[in-house]
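So you can see what is in the structure, the chains are spelled out below.
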Amino acid sequence: MEIERKFTVRRLPDHLEQYTCHIIEQAYLNTDPVVRIRRQDDTYYLTYKGKGLLAREEYNLPLDEASYYHLQGKADGNLISKKRYVIPIEHPSFSSHDIPDIDHISLNAELDVFEAPFAPLIIAEVEFPSEAIANAFLPLDWFDQDVTHNPAYHNSNLSRAAL
């Protein structure tokens, strides 16, 4: 189960170069249900995602490089390329402290900086261990709008966007 919230970004965090960065390329074989192929650095996989906005089923299967490029030729729509920075969230804030072990939760913001043709789009995603924690999470000061429930910000929908 993937439980995540998505945000537009008001400003980039300081010292972005100090964080782990992955080069991601992905394409969609289908968008309903979502069947995606992804290259992240030198790792390749196929992903199935169920329906949902905040929470949905997600299954990843490994691919080799040849299979990835074979399937990429069968993909529909736009190829999505982005840099993903993994930024640890030190001392996350929550609107409720009634959740067990909330003070010991480790979270990361995954900052996606999209390449052309989607630049200058920048989205931050945070994955959570439960919906209760996701709903209690207070956005970081560099986050802007919460777009979790806006399907236009799903990569599968971006892949179908007219450019």
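Residues numbered from 1 in each chain as written. Predicted model: local features only at pLDDT ≥ 70, side-chain atom pairs only at ≥ 80, totals over all residues. Heavy atoms only, no water.

Chemist: Sorry if this is basic, but what is going on with the overall build of the protein chain here?
Modeler: When helices and strands are tallied, the protein chain shows three helices and 12 strands. If you line up the protein chain on its principal axes, its C-alpha atoms span 50 × 30 × 30 Å. Within the protein chain, buried positions represent 44% of all 163 residues. A separation of at least 24 residues holds for 65% of the contacts in the protein chain among residues at least 6 apart in sequence. (Helix = DSSP H or I, 4+ residues; strand = E, 2+ residues; numbered from the N terminus. Buried < 20%, exposed > 50% of the residue type's maximum accessible area, 1.4 Å probe, protein only. Contact = heavy atoms within 4.5 Å.)

Chemist: Just checking my understanding: could you explain the pattern of salt bridges for this structure?
Modeler: Once the charged atoms of two side chains with opposite charge are near each other, the side chains can pair. Counted under the stated rule, the structure contains 13 salt bridges. As a salt-bridge pair, Asp-141 and Arg-11 come within 3.2 Å of each other at their nearest N and O atoms. Of the two residues, Asp-141 sits in the loop between β11 (137-138) and β12 (143-146) while Arg-11 sits in the loop between β1 (2-9) and β2 (20-31), which places them 130 residues apart along the sequence. Notably, a salt bridge pairs Asp-32 with Lys-51, separated by 2.6 Å at the nearest N-O pair. (Salt bridge = Lys/Arg side-chain N within 4 Å of Asp/Glu carboxyl O.)

Chemist: How should the pairing of strand β9 (residues 107-114) be read in this particular structure?
Modeler: When a strand is regular, its side chains alternate between the sheet's two faces. Of all eight residues in β9, six are buried, a share of seventy percent or more. Two elements, strand β7 (residues 76-89) and β9, share eight bridges in a ladder whose sense is antiparallel. Looking across to β9, one finds that Lys-83 is bridged to Val-113. Across five bridges, β9 lies against strand β10 (residues 122-127) in antiparallel orientation. Directly across from Val-113, in β10, lies its bridge partner Ile-122. (Pairing = 2+ DSSP bridges.)

Chemist: Mind showing me how you'd approach the side chain of Glu-2 here?
Modeler: When you line up the elements, Glu-2 lands in strand β1. For Glu-2, a relative accessible area of 5% gives the class buried. Side-chain polar atoms of Glu-2 contact the side chain of Lys-49, separated by 3.3 Å. With sequence-adjacent residues up to four places away left out, Glu-2 is seen in contact with Lys-49, Leu-54, Ala-55, Arg-56, Glu-58 and Glu-127. (Polar contact = N/O pair within 3.5 Å; in protein donor to acceptor, adjacent residues only side chain to side chain.)

Chemist: Hey, could you run me through the packing of aromatic side chains in this one?
Modeler: Geometrically, a pair of aromatic rings is defined through the distance of the ring centres and the angle of the planes. Tallying each qualifying case throughout the model produces 10 aromatic pairs. Taken together, a centroid distance of 5.2 Å and an interplanar angle of 50° make the contact between Tyr-44 and Tyr-68 tilted. On the criterion of sequence distance, the pair formed by Tyr-44 in strand β4 (residues 43-49) and Tyr-68 in helix α1 (residues 65-72) is long-range, its members being 24 residues apart. By the burial criterion, Tyr-44 is buried, and Tyr-68 matches it. Of the aromatic side chains, those joined through ring pairs into one cluster are Phe-7, Phe-94, Phe-128, Phe-137, Trp-142 and Phe-143. (Phe/Tyr/Trp six-rings, centres within 6.5 Å; stacked < 30°, edge-to-face > 60°.)

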